[in-house]
Amino acid sequence: MLAQTIDEVIASLNDIIDDCSQQNSRLGYFPAMYQKVTLRVDEGIRRNRFEDNRRMEWLDVVFANRYLEAFQLYNAGKRPTRSWALAFEMAKASRSIVIQHLLLGMNAHINLDLGIAAAEVCRGQELESLRNDFFAINELLAGLFDEVQNDINKSSPVLHALDQLGWGADEALGNFSIRQARRSAWDKAHELHRLPDDEWGERIESYDQEVAQFASVLCSPFRIINVLTETINDSETKEPYQIIEELRQ
């Protein structure tokens with residue numbers, strides 16, 4: 001069952017987080033962070049911070065449903081998009097670190113899903129009318145990555161030490177999501193918006209292939225980075241449910 005309102009999105013994410021925490025599953029890392037994002041957007045809507053608050057709620061719902069549907073497909077033994085399949089499969093890798101899971105989820109959701117959601121919300125309308133609200137999200141998220149960094153640092157002494165040197169998790173997350181991925185998503189929205197409906201499937205398939213290729217790099221980093229991730233992994237809290245609970249607070 002997919003969401004129809006932002007309250008239903010939050011409730012669905014909460015159910016997934018609870019279930020993953022109970023199962024001690026790394027699949028709970030991304031939704032624990034994503035719920036914080038959704039709550040920020042919901043707060044912005046309630047405070048009328050957008051030019052069109054009703055449309056922003058609908059964008060949030062359409063956007064979130066792409067993740068919720070992918071998660072449901074994967075749990076049912078079916079195949080979601082390649083990008084999400086790689087992110088979900090990474091949960092089985094015991095040597096992966098928290099930030100890899102978060103980046104893989106953000107890669108699939110922002111680099112693939114966000115542009116599609118924006119184009120869908122503006123079908124039959126002028127896409128440019130969404131621009132200001134689309135990028136206003138960046139301001140709402142300005143302080144979120146500091147919170148996420150603090151959450152990760154509680155479970156990862158090595159990342160905490162790197163943060164003291166200016167190489168923290170918030171820099172990696174912030175550089176990935178805000179500076180590049182949202183601009184790329186906006187470009188994809190424009191491309192899709194210009195296409196007739198019967199050409200969307202093929203174009204989305206090509207996007208998915210590109211995003212999945214980047215996901216493969218995140219899954220199998222270069223050797224020097226791999227040594228660092230193994231060092232971080234050795235220091236991190238070993239129980240996923242503990243990390244999930246830190247991320248969701």
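To be clear, the structure that these remarks concern was listed above.
Everything numeric in this text was worked out from a predicted model, so none of it was measured.

Novice: Would you mind showing me how to read the overall build of the protein here?
Specialist: On a plain count of helices and strands, the protein comes out with 12 helices and 0 strands. Each helix (α) and strand (β) of the protein, taken in turn from the N terminus, gives the series α-α-α-α-α-α-α-α-α-α-α-α. Taken over 249 residues, the protein has a buried fraction of 53%. Sequence separation of 24 or more characterises 80% of the internal contacts of the protein that already satisfy a separation of 6 or more. Only carbon and sulfur atoms are counted for the fraction: they give 49% of the accessible area of the protein, which is about 12,000 Å².

Novice: Whenever I open this one, the nonpolar core confuses me. Can you help?
Specialist: A general trend in soluble globular proteins is that nonpolar side chains are found buried together. Core analysis: the largest hydrophobic core is formed by 62 residues, its most contacted members being Tyr34, Tyr67, Trp84, Phe88 and Leu130. Contacts of Trp84, omitting those with residues within four sequence positions, involve Phe30, Arg66, Tyr67, Ala70, Gly105, Ala108, His109 and Asp113. Leu112, Ile116, Leu192 and Leu195 belong to the second largest nonpolar core, which has 9 residues in total.

Novice: Looking at this model, I keep getting lost on helix H3 (residues 53-75). Mind explaining?
Specialist: For an α-helix, 3.6 residues make a turn, and residues three or four places apart therefore share a direction. In this model H3 runs 33 Å from its N-terminal to its C-terminal C-alpha over 23 residues, within 8% of the 33 Å that 1.5 Å per residue would give. Where H3 begins, one side-chain oxygen reaches toward the backbone nitrogen of Arg54, 3.4 Å away; that side chain belongs to Asp52.

Novice: Explain the packing of helix H1 (residues 6-23) against H3 here, please?
Specialist: Angle between the axes and distance between the axes: these two values describe a pair of packed helices. Close contact between H1 and H3 brings their axes to 9 Å; oriented N to C, the two are set at 30 degrees. The angle between H1 and H3 falls in the class roughly parallel. Two packed elements cross with a definite hand, and for H1 against H3 that hand is left-handed. Here Ile6, Val9, Ser12, Leu13, Ile16 and Cys20 of H1 come into contact with H3, specifically with Glu57, Asp60, Val61, Ala64, Tyr67, Leu68 and Phe71. For the contact of H1 with H3, a count of residues per class yields 10 nonpolar, 1 polar and 2 charged.

Novice: What am I meant to see in the environment of Leu13 here?
Specialist: If you trace the backbone, Leu13 turns up in helix H1. Note: C-alpha distance between Leu13 and Phe30 (17 residues apart in sequence) is 9.9 Å. Once you skip the residues sitting within four places of it in the chain, Leu13 turns out to touch Pro31, Tyr34, Gln35, Thr38, Tyr67 and Leu68.

Novice: I'm lost on the pattern of salt bridges in this one. Help?
Specialist: Going through the model one piece at a time under the given rule, you end up with 13 salt bridges. Among the ionic pairs, Glu128 bridges to Arg131, the shortest N-O distance being 2.9 Å. Classification of Glu128 by relative accessible area gives partly exposed; the value is 34%. According to the relative accessible area criterion, Arg131 is partly exposed, its value standing at 33%. The network of salt bridges with shared partners includes Asp7, Asp42 and Arg46.

Novice: Where do I start with the packing of aromatic side chains in this structure?
Specialist: For any pair of aromatic rings, the description rests on two quantities: the centre-to-centre distance and the angle between the ring planes. Considering all chains together, one arrives at 14 aromatic pairs under this definition. Where Tyr67 meets Trp84, the ring centres are 5.2 Å apart and the plane angle is 55 degrees; that geometry is what we call tilted. Highlighted residues: Tyr67 in helix H3 and Trp84 in helix H4 (residues 82-89), separated in sequence by 17 residues. Like Tyr67, the residue Trp84 is buried in the burial classification. A ring pair is formed by Phe71 and Phe88, whose centres lie 5.9 Å apart and whose planes are at 85 degrees; its orientation type is edge-to-face.

The rules behind these values
Residues numbered from 1 in each chain as written. Predicted model: local features only at pLDDT ≥ 70, side-chain atom pairs only at ≥ 80, totals over all residues. Heavy atoms only, no water. Helix = DSSP H or I, 4+ residues; strand = E, 2+ residues; numbered from the N terminus. Buried < 20%, exposed > 50% of the residue type's maximum accessible area, 1.4 Å probe, protein only. Contact = heavy atoms within 4.5 Å. Areas by Shrake-Rupley, 256 points an atom, 1.4 Å probe, with all protein chains shown as cover. Core = buried A, V, L, I, M, F, W, Y, C linked by side-chain atoms within 4.5 Å. Expected span 1.5 Å × (residues − 1). Polar contact = N/O pair within 3.5 Å; in protein donor to acceptor, adjacent residues only side chain to side chain. Axes fitted to C-alpha atoms, helices over the stretch in contact; angles between N-to-C directions. Parallel < 35°, antiparallel > 145°, perpendicular 65-115°, else oblique. Left-handed = near helix turned anticlockwise from the far one by under 90°. Nonpolar A, V, L, I, M, F, W, Y, C, P; charged D, E, K, R; others polar. Salt bridge = Lys/Arg side-chain N within 4 Å of Asp/Glu carboxyl O. Phe/Tyr/Trp six-rings, centres within 6.5 Å; stacked < 30°, edge-to-face > 60°.

The quantities given are spatial measurements derived from coordinates; they are silent on function.
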